[in-house]
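Residue-level listing of the chains:
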Amino acid sequence: MNNYDIIVIGAGHAGIEAALASARMGLRTLMLTLDINSIGRMSCNPAIGGVGKGQLVKEIDALGGTMARAADACGIQFRILNASKGAAVQSSRAQVDMNLYNQYMQDLIMHTPNLEVKEAEAKRLLVENNKVCGVMLDTCEEVKSDAVIICSGTFLNGLIHIGLRHFSGGRINERSSEGLGDNLRNLGFKLMRFKTGTPARLDKSTIDYTNLIIQEGDSSPKPFSFWTTKLPQRQISCHITYTNKFTHKIILDNLDRSPLYTGAIKATGVRYCPSIEDKIVKFKDKDRHQVFLEPQGLDSNEIYPNGISTSLPEDVQLALINSIEGLEKAKVIRFGYGIEHIVVEPTQLYPSLESKSLRNLYLAGQINGTTGYEEAAAQGLVAGINAVLRIKNEEPLILDRASSYIGVLIDDLTTKGTNEPYRMFTSRVEYRLILREDNADLRLGKIGYKLGLLSKKDYNKTKDKEELIKKGMQILKSTRVKSFKGATLKTQTTLEDLLKRPEVTLDDFPEIDIAKGLEIEVKYSGFIQRQFKDVERFKNLEKIRIPQELDYAKIPSLSREIKEKLNNFRPINLGQASRISGVTPAALSMLMVYLRKIS
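Note that the coordinates shown come from a computational prediction; the quantities given were computed from them, not determined experimentally.

1. Remarks on the overall build of the protein chain
A tally of helices and strands in the protein chain yields 19 helices and 22 strands. Taking 2.2 N^0.38 as the reference for a compact globule, 599 residues should give roughly 25 Å; the C-alpha atoms of the protein chain span a radius of gyration of 25 Å, in line with that estimate. The principal-axis extent of the C-alpha atoms belonging to the protein chain is close to 75 × 70 × 50 Å. Every one of the 599 residues in the protein chain was classed for burial, and the buried ones make up 57%.

Have a look at this one:
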């Protein structure tokens, strides 16, 4: 008998969701971490959500994951981003108390049935007949399991850079994991190296807020989780300041001491969250860049200066910080740094996040080339679910591009791959008008309930919401009025048609108890119906399954290049095959004909 059903390597956002999903679905789970106190530690910014990322958190919540509930329990400022824009691009973001979040996750992990935590390093995978069957620890102890999920974050062969000084580490003051990355290479995985970074942390008491812009949270903050009824923490403000020409000169004068510009860092960095030195070099026409001063907690004296991530030397970091308004006398508690780490080329995974070459091995988080807490947590949840389903001999959970942001994230990674750290945006999502934050529970709640991750009580609330929307729609369609707000209408008009007008909102019908999501459904009904038709066409291709044992060499009409690509990617259906770079519409038609012939 194996020691455990599932081993999860790593205790960050991906590892937490993977381990909790596995344990809650009834399997004996072991979480391995280098430091038990680091469980749930927020390595970078003290926030959850953001554009495109808020949707991921809502979907994690709908499936029965943990991140949204943790954000609500520890949130100290909540905002809806893009609130003035259309519903399709509105996203939630919460500043959270980092210490509270860390403690919340630790308590949850340590008190979850079926879940055990061990402070140890996984040195290599145990493999038999192309199947993972456990891990060997740094103590040389072999721990057997039916499946392994690697959620290693930045720790695999992590290399920290501060100026021209570099040293190994998974995070500052935390050791890296050296053996497992080499083991993956020896097992035949294609590896890359990506780079991310973080800014210095500042002493709150040394900042002059007098002339800085105050950034308040929403006056009526909305929780992340569909099932949170009250936000327990006191809400606070952030502040905004800007870099200036003097700041930029300090940076430009010291590029010869930057590891980014001396070649010390060879890994690919984050395009959408660049270091301040990258911003200054690449956007020379800009006289200033925004800096958000974000408290790291209610009782913390540390401030996170979002916008000036850097790996410059300490003296240069201090000089550029002190050149910024409000930070002239700011003291640094901890300097910023850049970090390189190992990434496994993600096209080597199925959409279930299982390895194509080693059965029962799953990868989630930054090891798959993503950046961000939310992307990691989403992958961790899916990997945890699918590892359990694999052991139970059930079909994997495959979320497609038409079902969720999570589906887009995983499809992008496993079909297209990534040559730079991947970040989720609303612009990546084709069907974003029907994949909104407000309806994530309606889209995915039933799946979470069937998996055993969402309680019956919470799922019943989702069904009640669904029923409320149906009743509300019936009222809107059947109720006709001759006048509205004291004005006589030309003809009798339904409330549904009135609500389609831009200036009319549900607030104009206070006597009708309808869910907010219904207003969006009505106002954008034409666009939504068109997207549903697009989804139907998309799903037709997704329904055509491709046998995993298919020998593409036997399809005479395909070119050698396309045969090689299909053989390398091993798409699970015709839809996934269509998104592989270089696979032409003509090749898809040939493949479709061949599949019909052999079916």
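2. A short note on the side chain of T347
Here T347 lies in the loop between strand 19 (337–344) and strand 20 (361–363). Apart from the residues lying within four places of it in its own chain, the contact partners of T347 are K356, L413, T414, T415, K416, G417 and F569.

3. Considerations on the packing of helix 2 (residues 53–62) against helix 12 (residues 440–451)
It is at 7 Å that the axes of helix 2 and helix 12 come closest, and there the two elements cross at 35 degrees. By crossing handedness, the relation of helix 2 to helix 12 is classed as right-handed. Of the residues in helix 12, those in contact with K58, E59 and A62 of helix 2 are A440, D441, R443, L444, G445 and G448. Of the residues assigned to the contact of helix 2 with helix 12, the class counts are three nonpolar, two polar and four charged.

4. Looking at the pairing of strand 5 (residues 91–96)
Within strand 5, six of the six residues are buried, which leaves the element mostly enclosed by the surrounding structure. Of the two faces of strand 5, the one carrying S91, R93 and Q95 and the one carrying S92, A94 and V96 are both buried. For strand 3 (residues 47–49) and strand 5, the ladder comprises three bridges, and the chain directions are antiparallel. Note that in strand 5 the partner of I48 across the bridge is A94. Bridge count between strand 4 (residues 75–81) and strand 5: six bridges; the pairing is antiparallel. In the strand pairing of strand 5, I80 is matched with S92.

5. Comments concerning the sheet that holds strand 17 (residues 302–306)
One open sheet accounts for six strands, arranged 14-15-16-17-13-18; its pairing is antiparallel. If you trace the sheet from one side to the other, it starts and ends with strand 14 (213–215) and strand 18 (332–334), each paired once. Taking the axes of each pair of neighbouring strands and ignoring which way they run, one obtains an average angle of 35 degrees across the sheet. Bridge count for strand 14 against strand 15 (residues 238–242) is three bridges, and the pairing is antiparallel. Across the sheet, residue I214 finds its bridge partner in strand 15, namely H239.

6. Re helix 4 (residues 98–110)
An ideal rise of 1.5 Å per residue puts 18 Å on 13 residues; helix 4 measures up with 18 Å between its terminal C-alpha atoms. Buried residues belonging to helix 4 abut helix 1 (13–24), strand 2 (29–33), strand 3, helix 3 (67–74), strand 5 and strand 6 (115–119). By the N-cap criterion, in which a side-chain oxygen at the helix start approaches the backbone nitrogen of a residue two or three places on, helix 4 is capped by D97, the distance to N99 being 3.1 Å.

7. Structural notes on the environment of D208
Looking at the secondary structure, you find D208 in the loop between strand 13 (201–203) and strand 14. The class of D208 is partly exposed, set by a relative accessible area of 40%. Along the chain, D208 and G384 lie 176 residues apart, while their C-alpha atoms are 46 Å from each other. Only 2.5 Å separates the side chain of D208 from the side chain of T210, close enough to count as a polar contact.

8. Details of the pattern of salt bridges
In this structure the tally under the stated criterion is 37 salt bridges. When the shortest N-O distance is used, the salt bridge between E141 and K118 registers 4.0 Å. Of this pair, E141 sits in the loop between strand 8 (131–137) and strand 9 (142–150) while K118 sits in strand 6, placing them 23 residues apart in sequence. Owing to a relative accessible area of 35%, E141 belongs among the partly exposed residues under this scheme. Residue class for K118 comes out partly exposed when judged on its relative accessible area of 29%. A salt bridge links R401 to E430, with the nearest nitrogen and oxygen atoms 2.9 Å apart.

9. Side note on the environment of S177
Checked against the element boundaries, S177 lands in the loop between strand 11 (165–168) and helix 5 (179–186). A residue is classified by how much of its surface remains accessible, and S177, at 8% relative accessible area, is buried. Each C-alpha atom of the pair S177 and E437 lies 37 Å from the other, and the pair is 260 residues apart in sequence. Apart from residues lying up to four places away in sequence, S177 is in contact with E121, A122, F155, L156 and N157. At a separation of 3.2 Å, a polar atom in the side chain of S177 contacts the side chain of E121.

10. Re the nonpolar core
If you look at the biggest cluster of nonpolar residues, it comprises 103 residues, and the most contacted ones within it are I48, V135 and I150. By residue number, the principal contributor to this core is helix 10 (residues 373–391), which donates 11 residues. Look past the residues within four positions of I48 in its chain and what remains in contact with it is M42, V57, M67, A71, S92, R93, A94, V96, Y101, F224, Y373 and E374. If you look at the next biggest cluster of nonpolar residues, it comprises 20 residues, including L202, I303, I308 and I321.

11. Brief notes about the sheet that holds strand 4
Strands in a sheet are paired, the pairing made by backbone hydrogen bonds, and the direction either parallel or antiparallel. Strand order in the open sheet formed by three strands is 3-5-4, and the pairing between neighbours is antiparallel. Each having just a single partner strand, strand 3 and strand 4 make up the two edges of the open sheet. Averaged over all pairs of adjacent strands, the angle between their axes in this sheet comes to 20 degrees, without regard to strand direction.

12. Some points on unusual backbone geometry
The backbone of N114 sits at a positive phi, close to 75 degrees, despite the residue not being glycine. Notably, R570 is not glycine yet its phi reads approximately 50 degrees, a positive angle. Here R570 is to be found in the loop between helix 17 (560–569) and helix 18 (574–578). Using a relative accessible area of 14% as the deciding quantity, one classes R570 as buried.

Calculation notes
- Residues numbered from 1 in each chain as written.
- Predicted model: local features only at pLDDT ≥ 70, side-chain atom pairs only at ≥ 80, totals over all residues.
- Heavy atoms only, no water.
- Helix = DSSP H or I, 4+ residues; strand = E, 2+ residues; numbered from the N terminus.
- Rg over C-alpha atoms; globule rule 2.2 N^0.38 Å.
- Buried < 20%, exposed > 50% of the residue type's maximum accessible area, 1.4 Å probe, protein only.
- Contact = heavy atoms within 4.5 Å.
- Axes fitted to C-alpha atoms, helices over the stretch in contact; angles between N-to-C directions.
- Left-handed = near helix turned anticlockwise from the far one by under 90°.
- Nonpolar A, V, L, I, M, F, W, Y, C, P; charged D, E, K, R; others polar.
- Pairing = 2+ DSSP bridges.
- Expected span 1.5 Å × (residues − 1).
- Polar contact = N/O pair within 3.5 Å; in protein donor to acceptor, adjacent residues only side chain to side chain.
- Salt bridge = Lys/Arg side-chain N within 4 Å of Asp/Glu carboxyl O.
- Core = buried A, V, L, I, M, F, W, Y, C linked by side-chain atoms within 4.5 Å.

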